[in-house]
Each structure stands twice: as C-alpha cells, then as structure tokens.
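# Structure assessment
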Amino acid sequence: MSVRLADTPARPRVRTHELDAVVVGAGGAGLYAALELKRNLGPEARIGVISKLYPSRSHTGAAQGGVCAALGTTEEDHWEWHWFDTVKGGDYLVDQDAAEVMCHDAVETIINLEHLGMPFNRTEEGRIDQRRFGGHTRNEGEAPVRRACFAADRTGHAILQTLFQQCIRLDVAFYDEYQVLDLQMPDGPGGPVTGVVALQTSTSEIHSFRAKAVLFATGGFGKIFKVTSNAHTLTGDGVAIAYRRGLPLEDMEFFQFHPTGMYKLGFLLSEAMRGEGGFLVNGEGERFMERYAPTMKDLASRDVVSRSIYQEIAAGRGVGGKDFVHLDVRHLGAQVLNEKLPDMTGFIRTYFGLDPLTDLVPIQPTAHYAMGGIPTDIDGRVLADEVGRLVPGFYAAGECACVSVHGGNRLGTNSLLDILVFGRRAGIAMADEVRRAEAPVPDHAAEVGVAAQRDALLSRADGERPAVIRAELAEVMFSHCGVYRTGVLLEECRRCARFPRGDGGEPLVLLRRAAAQHDAKAAQHDGREEGPRVGDAPRFLHDERELDEPQARAALLLGEGQAQPAQLGHLAPELRAVALGVIEHRPHVLGLALLVERGADGVSQ
Ligand SMILES: Cc1cc2nc3c(=O)[nH]c(=O)nc-3n(C[C@H](O)[C@H](O)[C@H](O)COP(=O)(O)OP(=O)(O)OC[C@H]3O[C@@H](n4cnc5c(N)ncnc54)[C@H](O)[C@@H]3O)c2cc1C
C-alpha cells in the first residue's frame, strides 16, 4: 500500500493511501465484505478496513441471542417459512424479493461461517443447535420454531472474532482508530465515489484513502435516543455522511424498540431469554402477552410486545404504577441461565444486584435497531434515487444500509443474518467493480473541507458544546419519537429541531436550559469541575416561580418521575391531559418542560 505525504501551500498536510477497495467499518458486515474482496481479488489486492474502533470492539460483538437460518437441525423448517415470517414481521413493508434472497442464502451463509471456524453451540448429535426467537414460526404462523443458531449468548462476539481472524489470515490491512468524515466524490452526488477522508484520532492527522470501490458498513444510530441498547459509538456517521453528500436515505422513520431493555439503563436482555422460556408479567403478576398475541404470546414480534408493554403501563398495570413490567426467568433454572444465557444473567446481577434465579427483572422497551439507512440493491450497490440509479464505486451493508429486508420491524436474529448475507454479497460485487474500474480521481475539496472542519473545532474558544446539543436531541427523540408517536408529539419534535438557538424563550431554548441544569446537577453529583455550575444556569421551567400553582405541581411531580395518574386529579382538565400524555410516553423533564410551558394552549393546538 503506498503512502504519500502531500504538503503544498494550497492544501493541508494530508497522508494519502492508494488502495483497490476501502471498507469503512469492522463489524460483521465490513469484515465479511473485506474477506470476500480478498478471496475474489487474490493476495495482491490492496484491501483496507478503516474503523474508528479496534475491530473486535465493533458493536456486532455485543449481539447476544443468535443468527437465524432455516437449517432444520432440531425440528422441521424451510427457508420459505422464514421468508414469510420476515415479510409479515416487517408489517408487509419489506422488499419481498430482497427478503427472499436473504432467507434463501441464510442456510449456505451459516454453513460457510461454520467452515470459517464459528463456534456454534451443538446438539448432542453434534449438529448446530437452534433456539426460538420472536416472530419466527413453523408453517406460516402455526407456532414458534427453533431457527436461531447461537454461541451461548455471545453470538455476535463469536462472529466478529471468526471473521477478524480470517481477515488477518488473508492479510487485509487494518486502519484502526481512524474516523471517516467524508466521501470523495469529485463530480458530486451522482458519483463516482473515489475514496474517503479520515481523521486519525491519535494524531489528528488527515488521511486521504483513494480506492476504486468504497463500502460503508458503519453500523446503526441508536445513540440518537436517550435510552438505548446501542453502544456510545453508534452515532450514524456513515448515514450522515451520505446524506450530507446529497444522497437519499430510506425508511428513516422505522426505528425498532426492543421490549426488554433493562429498566432505566436500556441495556439489552436478549429475546433469547424469552426464547428459552422466560415471560413477561405486569404489576398484577399477570402474563399479559396472552391477551395481545394468543398464539405467539411472549415471542410475538418486537413491535407487538413493545406496544403491549406500553398499553399495560398506560392502563396502570405497570409494576407499582411505574413505567416498567417484569421479565420472569426464575423457572429456567441455574443450568440454562448459566450455560445458555451467562452474559445476561451476569448483567442482571451486576447492574441491578438481582438474582434472576429468585428475582423478577424490571424491563422497559429500549431503542434498538435502525431498519432504515443508505438505500442499496441486493449486492450492496448504493441507489442514487427512487428509480434505482446507482452511485458508481459506492456500496453499503449492515445496519447503516437499507436493503429493505426488515420493512417496518426487524425480526430478532435477522440482523446478524443481514450483515453476513449482504456484507458477503457486497464484497463479491465490489471485487467485480474493482477489476473493471479505472484509477480513482481524488477529491481535493473533500480533503480541504475535512481539514478546515478539524481546525475549526480544535481552535474554537466558545460557542455551544456539541455534547449538550446531542443530549437535547436524544432526550427529545426518546420522549417524542418513541414506541408511540402521535401527530402532536411529532409536531413538537419538529419544532424543537428547527427553532433558532437564540434566547427567545422558544422550545429549543427551554430544552437547552433544562439540559444545562441536568448537566450541572450531574457534574455536582460526580464532583466534576467542568460544565456549567448550578448557579450559572438560567431559570428553568420547572422552577415554581415561573409557573402557576397546578402547573408547578405537575412539573415537579413529573420532573421527579413520581407522578401517577391518580395524583393529577387536582389539575385543570387540559393540563391533566398533557400530564397523562407525558406519563404515557414516559415522563422526563425535557418533554415535560415543553408540554407544561405550553400548558392548556399546547393541548388545544
Ligand atoms: C445489545 C445488542 C444485541 C443484539 N443482538 C442481536 C442478535 O442476537 N441477533 C441479531 O441478529 N442482531 C442483534 N443485534 C443487532 C446487530 O448486532 C447489529 O445490527 C449488527 O451487529 C450491526 O453490524 P454492522 O456490521 O452493521 O455494524 P457494527 O458491528 O456496529 O460495526 C460498525 C463499524 O463501523 C465503524 N465505524 C462507524 N463509524 C465510523 C467512522 N465514521 N469511521 C470509521 N469507522 C466507523 C465502527 O468502528 C465499527 O467497526 C443486537 C444489537 C444490540 C445493540
């Protein structure tokens, strides 16, 4: 791989790498693509994987429960049944041809992965073991079927290690801890893509990677929500870069909430816990899923279970009247918990101090998975528009891409399958393009732009803190664009996002103030010195002096997360409606600040 250091007066100092293909992202999708690129182009091919994390820290490693394929190793199954479930689970918004490819290719993909060294759990006869997962059924909805292949509850970790080791064996070049900030597209949004520009995080140096084909496999963006199962790194970089470059995005409103996040923390307790026989109970000890999904019960698809939990909470059947219900796995016994679900058992012990063998586990839905993203065809080629024009040289796979195989709701275990099937197909298609493509034309404007962005950030003396803006957005996304989204809530959200950041008392200003106060309280609590001090902050909405008496009481109750519907009887009817709405969509101070500030007016709009 050649490296040059450009140093002319007109251009910033940029290190240049010339490769055949660049893969951005070292999760399952990126690594499988890199592997196929090497296999198809041979040992001389210059294939680089750029990752802002060390590869084995990619989020695929956090995937717990399994990866599905209709292997039928433990009971009868067919890929056509899997296909039916995928289309139905996605609320019939799935691209059915693409889903057919995924479900059909699944069987061969899992066997290939096993041949690469993947340590799947085995049956007593030595076959790949399989377990049940939500929404996967026998014969088009008759009953749950065992379709998820797994490696204990560390399936993603095992996949990541397997693929990483194979890439090292084939001499793929890794650029660890480089953050890609832009695409090279010298001729604009129509393409071609001729490389990427990245910041080396350890040195702040700008690197220009030129290549005949570029794959984005940058993962999801759960961190746009406050409570999420996603790691801090899942910030949607690839999707945002494509969007900034004028490319369309698809199905961005389809974001999945997983029913069993750990209460208040959001960490995931995989569906495998219910697949192994766990079930949900409400505050009255009732197995409520029997009412909402009589056949699949606790293994109904995630959107159904998440909505059911909210309906229970809204009806006052949350535990202790609060906004959570319980997961009961006590009956599974020590052997299943310790051998098949060891990580999750450990999470419950570590983070809650509870023993799942004897205690009920508090759960609430958590923001989990992006069904939407950069639109592609079934070979990972990025689409430039609704008529299917392609962007030459540009590919996307994995959670940042939208092949449209998950429609409005992804089935559990279909994501690891998606990253493997479409990561692999993208790698093969890229190899084909690399063979035919001409030498890439550099995009110096992109290099200059990234360097200017870096310099502006590093030299800035004042202004808003990006972390505060992000915290505001995460708050408002969680309260207004969660499991239930009403017209009123979305309208509030839209206004929040668009209001100017002046000091005019507009909703966004209110949000910022509330966030600043939280920040201040958190800093005080942790004994940290940075950040605003409590005394510095402007007055806040839930300061009693700014509100009339009932508003103040509702604000304080809700702000502290203590309000129950019964406590709001004394409020004016309109305000009570607002407060109930807040409770239903999970109360927190920012949503509250907006709603209470508007008071009765906000309701009648
Ligand atoms: C807790 C949890 C459990 C899950 N369990 C399951 C399960 O059991 N079964 C299932 O099917 N699915 C599961 N999923 C979903 C599944 O794990 C993910 O959708 C999938 O692993 C995403 O893989 P990926 O290759 O697309 O991206 P990731 O594995 O997230 O990798 C993204 C890569 O992109 C890199 N990157 C991002 N931005 C940049 C940038 N700007 N510059 C350079 N590099 C960048 C990162 O460093 C990383 O290497 C789970 C998800 C979570 C959160």
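Residues numbered from 1 in each chain as written. Predicted model: local features only at pLDDT ≥ 70, side-chain atom pairs only at ≥ 80, totals over all residues.

Helix and strand counts for the protein come out as 18 helices and 20 strands. Of all 605 residues assigned to the protein, the portion counted as buried reaches 52%. Long-range contacts, defined as pairs at least 24 residues apart, comprise 73% of the intrachain contacts of the protein with a sequence gap of at least 6. (Helix = DSSP H or I, 4+ residues; strand = E, 2+ residues; numbered from the N terminus. Buried ≥ 20, exposed ≤ 12 C-beta atoms within 10 Å, placed from the backbone. Contact = placed C-beta atoms within 7 Å.)

On to the nonpolar core. Core analysis: the largest hydrophobic core is formed by 147 residues, its most contacted members being Ala-33, Val-214, Leu-215, Tyr-395, Ala-397 and Met-430. If we ignore the near neighbours within four places in the chain, the residues touching Ala-33 are Val-23, Leu-215, Ala-217, Ala-397, Gly-423, Ala-426, Gly-427 and Met-430. (Core = buried A, V, L, I, M, F, W, Y, C linked by C-beta atoms within 7 Å.)

This part covers the sheet that holds strand S8 (residues 173-176). Strands pair in a sheet through their backbones, by hydrogen bonds, and they do so in one of two ways: parallel or antiparallel. Spatially, the six strands line up as an open sheet ordered S8-S4-S3-S12-S19-S18, and their pairing is mixed. Edge positions in the sheet fall to S8 and strand S18 (381-383), since each has one partner strand and no second. With direction set aside, neighbouring strand axes in the sheet form an average angle of 30°. Where strand S3 (residues 21-24) and strand S4 (residues 47-51) come together, four bridges link them in parallel fashion. Opposite Val-23, over in S4, you have Val-49 as the bridge partner. Across the sheet, helix H1 (residues 28-41) lies against S3, S4 and strand S12 (213-216), angled at about 170° from S4, the strand it touches most. Against the sheet, helix H11 (residues 414-436) contacts S3, S12, S18 and strand S19 (390-396), and its axis sits at roughly 160° relative to S12. (Pairing = 2+ DSSP bridges. Axes fitted to C-alpha atoms, helices over the stretch in contact; angles between N-to-C directions.)

What follows is about the site of the ligand. Taken together, the neighbourhood of the ligand is formed by 43 residues, with Gly-25, Gly-27, His-59, Gly-219 and Gly-398 sitting nearest. Elements supplying a minimum of two residues to the shell around the ligand: H1, S4, helix H4 (155-169), strand S9 (178-184), helix H5 (237-244) and H11. Counting residues per element, the shell around the ligand draws most heavily on H11, which supplies four residues. Of the residues contributing to the shell around the ligand, the split by class is 14 nonpolar, 26 polar and three charged. (Near = placed C-beta within 6 Å. Nonpolar A, V, L, I, M, F, W, Y, C, P; charged D, E, K, R; others polar.)

Turning our attention to helix H8 (residues 302-314). Spanning 13 residues, H8 covers 18 Å between terminal C-alpha atoms, matching the ideal 18 Å at 1.5 Å per step. Against strand S6 (130-138), strand S13 (255-262), helix H7 (289-292), strand S15 (325-328) and strand S16 (361-370) lie the buried residues of H8. Trailing H8 by a residue or two, Gly-316 shows a phi angle of about 85°, which is positive. (Expected span 1.5 Å × (residues − 1).)

What follows concerns the confidence of the model for the protein. Scored by pLDDT, the protein has a mean of 83; 80% of the residues are at 70 or more. Counted against residues more than four places away or in other chains, residues 499-568, with its pLDDT under 50, gives 105 contacts. Low pLDDT, under 50, characterises residues 582-605; the predicted model gives this stretch 63 contacts beyond four residues in sequence or across chains. (pLDDT = per-residue confidence, 0-100.)

Time to look at the environment of Phe-478. Topologically, Phe-478 is positioned in helix H13 (residues 466-480). Assessed through the 23 C-beta atoms surrounding it within 10 Å, Phe-478 is described here as buried. Taking the C-alpha atoms as reference points, Phe-478 and Thr-366, 112 residues apart in sequence, are found 9.3 Å from one another. Each residue touching Phe-478, except ones within four places of it in the same chain, is listed here: Phe-225, Lys-226, Val-227 and Ala-367.

This part is about unusual backbone geometry. With an omega dihedral of 5°, the bond running from Gly-191 to Pro-192 counts as a cis peptide bond. Despite not being glycine, Thr-413 shows a phi value in the positive range, around 75°. Residue placement: Thr-413 occurs in the loop between strand S20 (401-402) and H11. Classification of Thr-413 by C-beta neighbours within 10 Å gives buried; the count is 30.

Take Leu-163: it is sitting in helix H4. As for Leu-163 and Leu-113, which are separated by 50 residues in sequence, their C-alpha atoms are 8.4 Å apart. Not counting residues within four places of it along the chain, the set of residues in contact with Leu-163 comprises Gly-28, Leu-31, Tyr-32 and Leu-35.

Here we come to the pairing of S16. Extensive coverage of S16 is indicated by the burial of 10 of its 10 residues. Note that S13 and S16 share six bridges and pair antiparallel. The residue bridging Gln-256 from the neighbouring strand is Tyr-369, located in S16. By the bridge criterion, three bridges tie S15 to S16 in an arrangement that is antiparallel. Looking across to S16, one finds that Leu-327 is bridged to Val-361.

Moving on to the pairing of strand S7 (residues 143-149). By the criterion of burial, S7 is predominantly enclosed, with six of the seven residues buried. Judged from the two bridges that link them, strand S5 (residues 67-68) and S7 form a sheet pairing that is antiparallel. Paired with Val-67 across the strands is Cys-149, a residue of S7. In terms of strand pairing, S6 meets S7 through five bridges, oriented antiparallel. Opposite Gln-130, over in S7, you have Cys-149 as the bridge partner. Taking the residues between adjacent antiparallel strands as the criterion, S6 and S7 are bridged by four residues, where Asn-139 takes a positive phi near 50°.

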